[in-house]
Amino acid sequence: MTTPEAPSSSPPGGPRPEAPTPGWSYERTLKDPLTEESIDLILHRPIAYAVLLPWQHASWRPTPNHFTLMGGVLGLLGAAVVMIAPDGSLLWVVAAFLMFAAHILDCCDGMLARLTRQGSSRGMLLDGMIDFIVGVAFWLAMSLRTAPDWGIWTVPAALSIILSILIHTGLHDQLRLRFELLVNPPAEPRAVATPPQPGPASPPERRGLWTRFLDAFFGFAQRFYEVTYINISRICVGVEPGSPRPAIDPDVARQMFAGPMGMANYLGLSTHMFLMYAVTSLALYELHLPFVLALTTVVVGLNLWAVLVVIAWRRAEGLVTMMMTSRG
């Protein structure tokens, strides 16, 4: 049985035309400016937008996941080039360029998703897993080729770089989500329609091999995300990522957390990708230089910076707790 249509409320002269879909602009590709990494705003995102622009009016364009997967292919290809590059060869520059191009495509996927409103939880999980796989594969290749012979300390030094990158990117990701929760006003409650009564049970849908594989992959990615990134935030910041939003004015929260968030932006993925492809090219001059620079910058410099970020964030969270307590 069909429901009769409601009487038309169109104005005289016919219905008004729908508002045109806003055109593409660089500003629409960005997240909250306070959560954007400086190296992205200066270098990566302008180039990524130039890559996206030719697709604006195309009859067919890649999806965000296409860019994610293509970036993963280029990143793994870069790791393969590292494994075969002779000492002093220009192939080291080629490997660095492949990592640079991989990160540009990694920026393209999120920017396109914001332009076309194609973002999804599975897309974010795929993006995160590809980033992890490429980062680990590339740095393992770099360690095998460029690490000095420090005896039993060589392997711990290489692993400390990978572990530090994982901690930094996980911390930045969770602080960004926490910041977005704090600075955005809570959504207005909306009326929910009465759900329809369940009808007769339908036979279970047959799931193909590819569907089962995707379900297993994204299930693993979700568990990996929870075990690593969420626990990193829980340990470092002391705030449960899924905790309810405190009753704080969004503008006040933005003022309180703008500084810590700006500091945290230097721990994000783009910083590490920039360091990775920048130091890779230096192997053209001295084979062990990329490893030594990465160890010094990531394990020493950025770990000290991460400690300062955690102190600043915990202080801001403590002030929020005091404000809430005084109100109570």
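All figures in this text were calculated on a predicted structure; none of them were measured in a lab.

## Comments concerning the overall build of the chain
Thinking step 1. Helices and strands together make up the secondary structure of the chain, namely nine helices and zero strands.
Thinking step 2. Beginning at the N terminus, the succession of helices and strands in the chain can be written as α-α-α-α-α-α-α-α-α.
Thinking step 3. Every one of the 328 residues in the chain was classed for burial, and the buried ones make up 40%.
Thinking step 4. When contacts within the chain are restricted to residue pairs at least 6 apart in sequence, those whose partners lie at least 24 apart make up 85%.
Thinking step 5. Accessible surface for the chain amounts to roughly 19,100 Å². Of this, 67% is attributable to carbon and sulfur atoms.

## Points about unusual backbone geometry
Thinking step 1. At Arg 117, a residue that is not glycine, the phi angle is positive and equals roughly 55°.
Thinking step 2. The topology assignment puts Arg 117 in the loop between helix H3 (91–116) and helix H4 (121–146).

## Structural notes on the nonpolar core
In globular proteins that are soluble, nonpolar side chains generally tend to be buried together.
Thinking step 1. Counting residues in hydrophobic clusters, the biggest one holds 75 residues, and the most contacted among them are Leu 52, Ile 161 and Phe 257.
Thinking step 2. The greatest single-element share of this core, amounting to 15 residues, is contributed by H3.

## Remarks on the confidence of the model for the chain
Thinking step 1. Overall, the predicted model of the chain reaches an average pLDDT of 85, with 86% of residues at or above 70.
Thinking step 2. Considering each helix and strand of the chain separately, the mean pLDDT is smallest for helix H6 (residues 209–237), with a value of 78, and largest for helix H2 (residues 64–84), with 96.
Thinking step 3. This stretch, residues 1–20, has a pLDDT under 50; its non-local contacts, to residues over four places away or in other chains, come to two contacts.

## Examining the environment of Val 320
Thinking step 1. Mapped onto the secondary structure, Val 320 falls in helix H9 (residues 289–327).
Thinking step 2. Here Val 320 falls in the buried class, since its relative accessible area comes to 3%.
Thinking step 3. Distance in space between the C-alpha atoms of Val 320 and Val 252 is 9.7 Å, their sequence separation being 68 residues.

## Some words on the packing of helix H5 (residues 154–183) against H6
Thinking step 1. Remark: H5 packs on H6, axes separated minimally by 8 Å, with the N-to-C direction vectors making an angle of 75°. One way to sum up the angle between H5 and H6 is to call them roughly perpendicular. Every residue of H6 that contacts H5 at Leu 166, Ile 167, Thr 169, Gly 170, Leu 171, Asp 173, Gln 174, Leu 175 and Leu 177 is listed here: Tyr 225, Tyr 229, Ile 230, Ile 232, Ser 233, Cys 236 and Val 237.
Thinking step 2. Across the contact of H5 with H6, the residue classes tally to eleven nonpolar, four polar and one charged.

## What about a nonpolar patch on the surface?
Thinking step 1. There is a patch of nonpolar side chains on the surface, built from Met 83, Ile 84, Leu 91, Val 94 and Leu 144 and spanning about 470 Å² of accessible area.
Thinking step 2. The set of elements that each furnish at least two residues to the nonpolar patch consists of H2 and H3.
Thinking step 3. In this fold, Leu 91 is placed in helix H3.

## A short note on the pattern of salt bridges
Thinking step 1. If you walk through the whole model with that rule in mind, you get eight salt bridges.
Thinking step 2. We note a salt bridge from Arg 45 to Glu 36, for which the minimum N-O separation is 2.8 Å. Each member of the pair, Arg 45 as well as Glu 36, is classed as buried.
Thinking step 3. A salt bridge links Arg 178 to Glu 317; the nearest nitrogen and oxygen atoms lie 2.9 Å apart. On the criterion of sequence distance, the pair formed by Arg 178 in helix H5 and Glu 317 in helix H9 is long-range, its members being 139 residues apart. Like Arg 178, the residue Glu 317 is buried in the burial classification.

## Regarding the packing of aromatic side chains
Thinking step 1. The final tally for this structure, using the stated rule, is nine aromatic pairs.
Thinking step 2. Aromatic pair Tyr 266 and Trp 305: ring centres 6.3 Å apart, planes at 90°, arrangement edge-to-face. In this pair, Tyr 266 sits in the loop between helix H7 (250–264) and helix H8 (269–281) while Trp 305 sits in helix H9, placing the two residues 39 residues apart along the sequence.
Thinking step 3. Their ring planes at 80° and their centres at 5.6 Å tell us that Phe 274 and Tyr 277 sit as a pair that is edge-to-face. Note that Phe 274 and Tyr 277 are positioned in helix H8 at a spacing of three residues, about one turn of the helix.

Quick notes on the rules
Residue positions within a chain follow its written sequence, with the count starting from 1. In keeping with the model being predicted, local features are shown solely for residues with a pLDDT of at least 70 and side-chain atom pairs are shown and tallied solely at 80 or more, while totals for entire chains, interfaces and linings include all residues. Hydrogens are left out, water is left out, and the side-chain values use all remaining heavy atoms of the structure. Secondary structure elements are taken from DSSP: a helix is a run of H or I of four residues or more, a strand is a run of E of two residues or more, and numbering for both begins at the N terminus. Here's how the labels work: a residue is buried when its accessible area is under 20% of the maximum for its type, exposed when over 50%, partly exposed in between, all with a 1.4 Å probe on protein chains only. In what follows, a contact means two residues having at least one pair of non-hydrogen atoms within 4.5 Å. Only the protein chains shown count as cover for residues, and the accessible areas themselves come from Shrake-Rupley with a 1.4 Å probe. What is meant by a nonpolar core is a set of buried Ala, Val, Leu, Ile, Met, Phe, Trp, Tyr and Cys residues, joined one to another through side-chain atoms within 4.5 Å. The pLDDT score gives, residue by residue, the confidence of the prediction method on a 0 to 100 scale. Only the stretch in contact is used when fitting a helix axis, every axis being a line fitted to C-alpha atoms; angles between N-to-C directions are given from 0 to 180 degrees. Small angles under 35 degrees read as roughly parallel and large ones over 145 as roughly antiparallel, with 65 to 115 read as roughly perpendicular and the rest as oblique. When residue character is reported, Ala, Val, Leu, Ile, Met, Phe, Trp, Tyr, Cys and Pro are called nonpolar, Asp, Glu, Lys and Arg charged, and the others, Gly included, polar. Residues enter patches when they are more than 30% accessible in relative terms and free of salt bridges; like-charged ones are connected within 9 Å and nonpolar ones (Val, Leu, Ile, Met, Phe, Trp, Tyr) within 5 Å. One speaks of a salt bridge when a side-chain nitrogen belonging to Lys or Arg is within 4 Å of a carboxyl oxygen belonging to Asp or Glu. Two rings belonging to Phe, Tyr or Trp (six-membered ring only in the last case) form a pair when the distance between their centres is within 6.5 Å. Interplanar angles under 30 degrees mark stacking, angles over 60 mark edge-to-face geometry, and anything in between is tilted.

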